[in-house]
Every structure is written in structure tokens, then in C-alpha cells.
Amino acid sequence: MALTLISTPLNITTSDTAVTSVDITSGIDGTYQSYEFHCVNMYPETNNVNFCFQVNAATGSNTAGFDQVITSSSARAYLKEDGTGGTLGYDANSDHHQEVSLQRILSTGTGDDADQSVSGILRLYAPSSTTYVKHFLAEGNGADHGDYTVNSWTAGYINTTEAIDEITFKFDSGDIEAGTIKMFGVS
Amino acid sequence: MALTFIKSATAAGSPATISFVDGSSDVVFDNTYNEYQFHFVNIHAGTDNAAFGFQVNSTNDPGGGYDTSQISSTFFKAEHSEGGSGGSSGYHTASDQGNGVALQRMSYSQQMDDDEAFSGVLTIYAPSSSTYVKHFVAKGNYVHHSSHYSQNTYVAGYINDTYPIDEIRFAMDSGNIDSGTIHMYGVG
């Protein structure tokens, strides 16, 4: 496997350069069969928020925005820093059934303490296919606002046969005040 | 090529530990990369029923005993025995840590038969950050010592330290690493 760095659409370290979302509108095409988005230390403006993505088929019939239909599942493991509450379970608040809202990934309830953030990887398979739905897998870890470590595993598919060529990342409330996102092609 | 090979270390002579220290023996473990991966290939335990894991030293404890960086982590696994029984998944409380400073397990109760070992990948994000805790995610598979289970582990958490991390050590929690190879990569 070879990873090829395509772009670094986000690399900010202070709130002075905060962004509401990171919209990637080029570079997602048929060049690679799969794409990886490596998100490192995504730091939210707002406490207790969820890092998310959505996609768009800019050349398709629904070009209104990042609102594609997603069906997904999500599980998470979490533990409080005091060693209590270790739990593994399904996260019904983070799954989708034919929904067009933001898809939570990597963690949940991320805090805005100065040292808290969320990191992980989203893998998107064959986004340019005009035959199949578009599968994705995401894994990550975050520092929850209640001082939990939260490890989330989310997977599903974008239920369209139109080519997906745009993606957005954002928190479901407030800005992204810091973080790095790198987009890789996998061959 | 965005996955850059940094160094391989082989468990020659059954060492007690294998360490990767920034600036030593060609190891780069600093802000050169925003993400590092350690690939484990056939880590064979010298002692039966041992756990394979890691700990770190921060720049606040250079050359230290790998026992001061607090880790909060979760650990869950899926397992199935060679006999076809016991297929299950679940959280493993004995392998998580709540701000603990012990070796962070990536396996436990590892079998040491000649053909049995642990393989997997550990990813550490932004170890050189002086702002954030250091997130990590690991997954692997090995042979559990009880009834020869295939055990698939998912471990994640953060090193609860805002000092940069530039030293990492791998070890069994009992006995030596009998054989195996660890490959270190930078991603970026």
C-alpha cells in the first residue's frame, strides 16, 4: 500500500484563524480507489461537540450542498480518567438510517479544555463510482468534555450511485479553532 | 510516498524491551511528522500468559523509566477459539487505564507456542504537541493462551501529558520479547 499526499486542506493552530468548516472541493475523483483523511488534534471552539463529515455530488443531480443520504453504524468505548465507567457499546446517537445530516466520526462529546481534541482517520472507498454506494470507515479517539477517553468506530455507506467529489468536515456546533487535515490517495 | 519508513527493530537476543528514542540510532520521533505508525510483526512472547504493550517518556522526563506519563485508555476485543466456541466481543477492564502509568497493553494473556505471536499497528498522533494530550489508536491480533483463541484487540486513548513525547518503549509485562520485528513510519 502506498499513501500519496494529495493536499493539506487544514493546518491551523490558533483561534485567530478558526473556520466553520473545511470544504474539500477538488482532488476527489477516479485517480485513486480509496482516500484517507487524517485529522489530527481537531480542537473545537465549543464544549461538548461532535466532529463530523458530509459529502456532495457536485456533478450529480443533487448539488444543493453537503446533504447526501447516509446509512451507518457506530460503536464506541470510553473510560473516565479516574478509571471508572469503562464501557463498550453501540452509539445510537451517532448512526444514520437514510439521513442527510452530518455524520459523526472519530469520537463524541469532545471538550474544549486547552489540551482536549479529537484525532483519527476517515477512509472513503471508490467515491467516483457511478455503480455502487460509497462505503466509509472511520476510527479515532477524543478527549470528552467530562474527562473521558472516547474511541469511536463508525462505518456505513453514502447511498448514492452518483460520483462523490466533495467533502466537508466540521463540528456540529461552533468553529474548528485548530487542527490539521491531510488528504491521501491510496494505491 | 506519504508513509515514510524510519526504522526497524528486531528482537534479537530476546530483549526485555525495544525502544525508539528520538535522535538515537536514526530514530526520528519529533515534529517532523504529525502522525507515527508502529507496525508489529510476529511479536513472540518469551513467557506464557504475558501482555505486549508500550509506554513513553516525555521531554519532561528524558531517559526516564517509562513510568510517569499518565495514560487514559479503552480496550475491547473480539475472540473465537480454534475449537469453534466462545465467539464473542467485549470490553476488557483489566487492560484499560484511567490516568495510569503502567505499560499500556495491546494484547493480554498471549500464548507462547512456537507458531503463535502478536501482529498489529499502533498510531500515535502529534506526539510533539506541547498543547494537546496525545491520542493513539492500536489494533492487532494474536493467539490467546486459553484454548487457542484468535483475539482481535482494539485499544485507544490518550497520553495525558502536554509535554512532547519523544521516547517510546515496547515490552511484555512479564518476561522478554522472544522474537519479532517493529517497523516505525512517519505519516505526512
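Please refer to the structure placed before this passage.
This write-up is about the structure you can find in this document. The model shown is predicted, which means the values in this text are computed figures rather than measured ones.

This part takes up the overall build of chain B. When you go through chain B residue by residue, the secondary structure sums to 0 helices and 13 strands. Going from the N terminus to the C terminus, chain B shows its helices and strands as β-β-β-β-β-β-β-β-β-β-β-β-β. Here chain B has a C-alpha radius of gyration of 16 Å; the compact-globule value for 188 residues is 16 Å, and the two agree. For chain B, the proportion of its 188 residues judged to be buried stands at 54%. Residue pairs at least 24 apart in sequence account for 75% of intrachain contacts in chain B once pairs closer than 6 positions are excluded. When the accessible surface of chain B is split by element, carbon and sulfur atoms take 43% of a total near 6800 Å². Charged side chains in chain B number 6 positive and 19 negative. The centres of these two groups are separated by 5 Å.

It is worth spelling out the sheet that holds strand S2 (residues 17-21) of chain B at this point. Residues and elements named next belong to chain B. Across the sheet, which stays open at both edges, the 4 strands sit in the order S2-S12-S4-S8 with antiparallel pairing between neighbours. Unpaired on one side and paired on the other, S2 and strand S8 (104-105) mark the two borders of the sheet. As defined by bridge partners, strand S4 (residues 52-58) adjoins strand S12 (residues 165-172) across 7 bridges and the pair is classed as antiparallel. Residue pairing for S12: Gly53 is matched across the bridge by Ala171.

This next bit is on the interface of chain B and chain A. Counting residues at the interface gives 33 residues for chain B and 39 residues for chain A. Taken over both partners, the interface formed by chain B and chain A buries close to 2800 Å², and the fraction arising from carbon and sulfur atoms is 62%. The largest per-residue losses of area from chain B upon contact with chain A belong to Tyr125(B), Tyr132(B) and His135(B), which jointly make up 22% of the total buried on that side. For the salt bridge of Lys139(B) with Glu139(A), the shortest nitrogen-to-oxygen distance reads 2.7 Å. Taken together, chain B and chain A are joined by 10 residue pairs in polar contact (both at pLDDT 80 or more). Its residues assigned to classes, the side of chain B that touches chain A shows 15 nonpolar, 15 polar and 3 charged.

Let's shift gears to a negative patch on the surface. On the surface, a cluster of negative charge is contributed by Asp48(B), Glu82(B), Asp113(B), Asp114(B), Asp115(B) and Asp178(B). Relative to the helices and strands, Asp115(B) is located in the loop between S8 and strand S9 (118-125).

Further remarks concern the pattern of salt bridges. Following the criterion strictly, the structure yields 5 salt bridges over all chains and no others. Here Arg123(A) and Glu36(A) are joined by a salt bridge, their closest N and O atoms 3.1 Å apart. With Arg123(A) in strand S9 (residues 118-125) and Glu36(A) in strand S3 (residues 34-44), the pair connects residues that are 87 residues apart, well separated along the chain. Where Glu79(B) meets Lys77(B), a salt bridge forms, and the shortest distance between an N and an O atom there is 3.6 Å. Judged by relative accessible area, which is 11%, Lys77(B) ranks as buried. Where salt bridges share partners, they join Glu36(A), Arg123(A), Glu139(A) and Lys139(B) into one cluster.

Residues and elements named next belong to chain A. Within the secondary structure, Ser72 is located in strand S5 (residues 70-80). For the pair Ser72 and Arg104, spaced 32 residues apart in the sequence, the C-alpha separation amounts to 9.9 Å. Not counting chain neighbours up to four residues away, the residues in contact with Ser72 comprise Tyr90, Ser94, Asp95, His96, Gln103, Phe136, Ala155 and Gly156. A distance of 2.7 Å separates a polar atom in the side chain of Ser72 from a polar atom in the side chain of Gln103.

Rules behind the numbers
- Residues numbered from 1 in each chain as written.
- Chains lettered and ligands numbered in written order.
- Predicted model: local features only at pLDDT ≥ 70, side-chain atom pairs only at ≥ 80, totals over all residues.
- Heavy atoms only, no water.
- Helix = DSSP H or I, 4+ residues; strand = E, 2+ residues; numbered from the N terminus.
- Rg over C-alpha atoms; globule rule 2.2 N^0.38 Å.
- Buried < 20%, exposed > 50% of the residue type's maximum accessible area, 1.4 Å probe, protein only.
- Contact = heavy atoms within 4.5 Å.
- Areas by Shrake-Rupley, 256 points an atom, 1.4 Å probe, with all protein chains shown as cover.
- Lys, Arg positive; Asp, Glu negative; His and termini not counted.
- Charge placed at Lys NZ, Arg CZ, Asp CG, Glu CD.
- Pairing = 2+ DSSP bridges.
- Buried area = accessible area lost by both parts, 1.4 Å probe.
- Salt bridge = Lys/Arg side-chain N within 4 Å of Asp/Glu carboxyl O.
- Polar contact = N/O pair within 3.5 Å; in protein donor to acceptor, adjacent residues only side chain to side chain.
- Nonpolar A, V, L, I, M, F, W, Y, C, P; charged D, E, K, R; others polar.
- Patch = residues over 30% accessible without salt bridge, like charges linked within 9 Å, V, L, I, M, F, W, Y side chains within 5 Å.

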